[in-house]
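For reference, the chains in residue letters:
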Amino acid sequence: MVKSSLCVVLCLTAILFAGCSMRHTRHTASLSLEPATWDFGTIKRGEIARGKVMLGNYSDTTFTVSLYSTCDCLEASVKTGELPPHTRIPIDLSYLGDVVKERITKTVFVEVDGGNPRRLRIDVTGKVLPAVKPHLLALPNPLPIEKAQGTSNFLEISNRGQQDLVISEIRCYGCESNATQLSLGGGEKAIIVVGLLPRWQGKRWLEIESNDPVTPFIKIAIIEVP
C-alpha cells in the first residue's frame, strides 16, 4: 500500500513539473522558445524595455528564421537568419512604451522554415505608467461624422503628461476644424469641432503634429456615416 501511494505521488509530481515547464517553454517537436513569454515588468511611457529569448533547434535540419511583431513599438531581431542543427540563438526584443496601460499584450511571431514551415509565438506583456513628458491623446479615432451637409462632430484632445503639450498644427483633408493650434497643460483637455467639406472626393482625415516625444504625429481617420 505504501509502495502504491509512493508511486502515485511520484507520478503526480512528474505531471506537475511537466506542466510548469510547459508554461515557460513553447516548442513544436524539434524547436523551442525559452521562455515563450517575455514580461518586461513596469516602465514609464517613452521608456524602452529590452529582453531576450532563446530559440532552440534540436533536430538535424537547418532552419531559416523570420520575425514579425504586432506593432511598430515592438522590435525583434536575430544576428543571423539561419538556425543550424542542435544550436540555440538569441532573439533580442525591445518594446517602446507607447501607451499607458495596466497590462500590455503584444506578440512576436517566429516563422521557421526547413522545408516544412512552422510558426512559434512570443507573448510580450508588462505595465506602462504615465510619464512626465507631454502625452497627446485624441478620441475618438476614427471620428464618425454624418454625411448630411453641415454636420460635424467633437474630437477630444487631451494631454496625459505633466509637461505642456504644444500642438503646432492641425491639418484637415476633406474636413474643417475650429482650431489649427493648441497648447494644453498637464492633464488638460480641449474639444474641437470637425465638419465635412462639401464636394470632396475620396477619403477624409485629420493630422495633428505636437511635441509629444513618443508620437509627435497622429492621423485621425474620418468615417462618413449615413
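Coordinates for the structure precede this section.
In this report, we go over the structure that sits alongside the text.

Reading guide: rules and limits
Residues numbered from 1 in each chain as written. Predicted model: local features only at pLDDT ≥ 70, side-chain atom pairs only at ≥ 80, totals over all residues. Heavy atoms only, no water. Core = buried A, V, L, I, M, F, W, Y, C linked by side-chain atoms within 4.5 Å. Buried < 20%, exposed > 50% of the residue type's maximum accessible area, 1.4 Å probe, protein only. Helix = DSSP H or I, 4+ residues; strand = E, 2+ residues; numbered from the N terminus. Pairing = 2+ DSSP bridges. Axes fitted to C-alpha atoms, helices over the stretch in contact; angles between N-to-C directions. Disulfide = S-S within 2.5 Å.

### Remarks on the nonpolar core
Thought 1: Counting 27 residues, the largest nonpolar core has Phe 40, Leu 55, Ile 91, Tyr 95, Val 110 and Ile 122 as the members making the most contacts within it.
Thought 2: Elements supplying a minimum of two residues to this core: strand E2 (31–34), strand E3 (37–44), strand E4 (48–57), strand E5 (63–69), strand E8 (87–96), strand E9 (101–113) and strand E10 (118–129).
Thought 3: Leu 165, Leu 184, Ile 220 and Ile 222 belong to the second largest nonpolar core, which has 22 residues in total.

### A short note on the sheet that holds strand E17 (residues 189–196)
Thought 1: Reading across the sheet, the four strands line up as E11-E13-E17-E15 and stay open at both edges, with antiparallel pairing between neighbours. Each edge of the sheet is formed by a strand with only one pairing partner; in this case those strands are strand E11 (136–139) and strand E15 (175–177). Pairs of neighbouring strands in the sheet enclose a mean axial angle of 30 degrees, with direction left out of account.
Thought 2: In this structure, E15 lies alongside E17, joined through three bridges in antiparallel fashion. Looking at the pairing, Cys 175 lines up with Leu 196 of E17.

### Looking at the state of the cysteines
Thought 1: Applying the stated criterion to the full structure yields one disulfide.
Thought 2: One disulfide bridge connects Cys 71 with Cys 73, the sulfur atoms lying 2.1 Å from each other. On the S-S bond that ties Cys 71 to Cys 73, the torsion sits near -85 degrees, and the link is left-handed.
Thought 3: Given a relative accessible area of 15%, Cys 71 falls into the buried group.

### With respect to the environment of Ala 131
Thought 1: Examined against the element boundaries, Ala 131 turns out to sit in the loop between E10 and E11.
Thought 2: Under the relative-accessibility criterion, Ala 131 is labelled buried at 15%.
Thought 3: A sequence separation of 31 residues divides Ala 131 from Gln 162, and the C-alpha atoms of the two residues are 7.3 Å apart.

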